[in-house]
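# Coordinate analysis (summary)
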Amino acid sequence: MKYTIAVIPGDGIGPEVVEQAKKALNAVALQYDHIFMYKEALMGACAIDATGNPLPDETLDICKKSDAILFGSIGHPKYDNDPSAKVRPEQGLLKLRKELGLFCNVRPVKAYDKLISKSPLKKEIIEGTDISIYRELTGGIYFGMKELSEDGKTAFDSCTYSIEEIERITHLAFKAAQNRKKKVTLVDKANVLETSRLWRKVVGEIAAQYPDVNLDYLFVDNASMQLILNPTQFDVILTDNLFGDILSDEASVIGGSIGLLASSSIGAENALFEPIHGSFPQVAGQDIANPLASILSAAMLLEHLGLKEEAASIERAVQKSLDLEITTKDINPSNPFSTSKVGDFIADYIEHQDDSNMNFQNIHIGQSTII
Ligand code: IPM
Ligand code: MG
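Just so it is clear, the structure is predicted and the values come from calculations on it, not from any experiment.

### Focus: the overall build of the chain
Tallying secondary structure elements over the chain gives 14 helices and twelve strands in all. The C-alpha radius of gyration computed for the chain amounts to 21 Å, which stays within 12% of the reference 21 Å derived for 371 residues, consistent with globular compactness. Dimensions of the chain, computed from the C-alpha atoms along their principal axes, are close to 60 × 50 × 40 Å. When each of the 371 residues of the chain is scored for burial, the buried share is 52%. Within the chain, counting contacts between residues at least 6 apart in sequence, those at least 24 apart form 74% of the total. A total of about 16,300 Å² of accessible surface is found on the chain, and carbon and sulfur atoms cover 52% of it. For the chain, the distance from the average position of its 36 positive side-chain charges to the average position of its 52 negative side-chain charges is 2 Å.

Given below as structure tokens:
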């Protein structure tokens, strides 16, 4: 089959990790006889530099016409340290999510056996963790009215949710739970926030349509503690935009590195796939960033296109790279591989998929692993 994939490398380490995801996709194309047509587009600080606009119209257009979007990362310190900047890279991503209606952000968190010892959390606590975070992505405080007063002395951001916005992601979260451990935990701050009380009401009503799924409620402050005290209690976490942003970074510690967490952002017509990590500008261009989150995002992209076997082949290759410790510095400080070498290995493994074709001795001297 032929698919058009919009590719937005973005800022910082985005281009180098997306490059590895493309290698994995190219290997899939060869192995399974597909054609992936990549359409590159600008977004973020690089788009501001080139056009003055963090999300040029052309990018939006390319994304709308694609079957799926592969995105790297966004952000640059020159904006982070300038609160008065009028145009910011992140506005590009937020506008893209909003314009394409990508309301459902799914962030899987797994404790890979091989990485358990890398986590700062104890093995017996994190072993067996398998969580899917359903983060609402186009509403809440991210998109409410916001203002800085004229004298610059006060500011506000408002948080709004409609029943419809809550309903559509809730159904997806419950459907996902039906195919997992059949538990949804709604994380909110219903003891304080009106929007959270609306979430509780709507989610509680919808739960009745899914009698096979258990619904549990947690306040976000407690949830953030439970996540590291007892992460295996969770299956699907359903939450709003801001809480989901914060909890997913926290949850990434369980997996051993934020460099492993992929995500999908799904709307009615479009879907975008990206690592949850940021642009990590300090190491951009050094070929040391972990490409696994981007590669796993490509697997989620294939899954979304209905290419399940193809997605599984990427996941197997990632698992193999973890088993053999062909991994970057963040999870393999004593014998690190470069970003591009990890990408090469994963592409090789997807193409050959058979351990008997691999020369494992070559791996550690940085040569081709295929006999
Ligand atoms: C994320 C990021 C974004 C967010 C930023 C870059 C705007 O942190 O995808 O988690 O806050 O949603
Ligand atoms: Mg975030």
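After presenting the structure, the write-up continues.
### Re the site of ligand 1
Around ligand 1, the neighbouring residues are Ile-74, Glu-90, Arg-97, Arg-107, Arg-135, Tyr-142 and Asp-245. With respect to ligand 1, the side chain of Arg-97 contributes an N or O atom lying 2.7 Å from an oxygen atom. One of the side-chain nitrogen or oxygen atoms of Arg-107 is found 2.9 Å away from an oxygen atom of ligand 1. Looking at side-chain class alone, the shell around ligand 1 contains two nonpolar, no polar and five charged residues. When we break the shell around ligand 1 down by domain, the ones giving at least three residues each are domain 1 (1-103 + 267-371) and domain 2 (109-256).

### Focus: the environment of Ala-347
Relative to the assigned elements, Ala-347 resides in helix H13 (residues 339-352). The sequence separation of Ala-347 and Lys-183 amounts to 164 residues, and the corresponding C-alpha distance is 35 Å. What Ala-347 contacts, discounting residues up to four positions off in sequence, is Lys-23 and Ala-27.

### Observations regarding the pattern of salt bridges
A complete count under the given rule lists 17 salt bridges for this structure. Among the ionic pairs, Asp-49 bridges to Lys-78, the shortest N-O distance being 3.4 Å. Remark: Lys-78 occurs in helix H4 (residues 77-80) and Asp-49 occurs in helix H2 (residues 45-51); sequence separation between them is 29 residues. A salt bridge links Asp-221 to Lys-189; the nearest nitrogen and oxygen atoms lie 3.0 Å apart. Here Lys-189 lies in the loop between strand S8 (183-188) and helix H8 (194-207) and Asp-221 lies in helix H9 (residues 220-229), a separation of 32 residues in the sequence. The partly exposed category is assigned to Asp-221, whose relative accessible area is 43%. Three or more residues joined by partner-sharing salt bridges are found here, namely Asp-130, Arg-180 and Asp-235.

Basis of the calculations
- Residues numbered from 1 in each chain as written.
- Chains lettered and ligands numbered in written order.
- Predicted model: local features only at pLDDT ≥ 70, side-chain atom pairs only at ≥ 80, totals over all residues.
- Heavy atoms only, no water.
- Helix = DSSP H or I, 4+ residues; strand = E, 2+ residues; numbered from the N terminus.
- Rg over C-alpha atoms; globule rule 2.2 N^0.38 Å.
- Buried < 20%, exposed > 50% of the residue type's maximum accessible area, 1.4 Å probe, protein only.
- Contact = heavy atoms within 4.5 Å.
- Areas by Shrake-Rupley, 256 points an atom, 1.4 Å probe, with all protein chains shown as cover.
- Lys, Arg positive; Asp, Glu negative; His and termini not counted.
- Charge placed at Lys NZ, Arg CZ, Asp CG, Glu CD.
- Near = heavy atom within 4 Å.
- Polar contact = N/O pair within 3.5 Å; in protein donor to acceptor, adjacent residues only side chain to side chain.
- Nonpolar A, V, L, I, M, F, W, Y, C, P; charged D, E, K, R; others polar.
- Domains from an automatic or database assignment.
- Salt bridge = Lys/Arg side-chain N within 4 Å of Asp/Glu carboxyl O.

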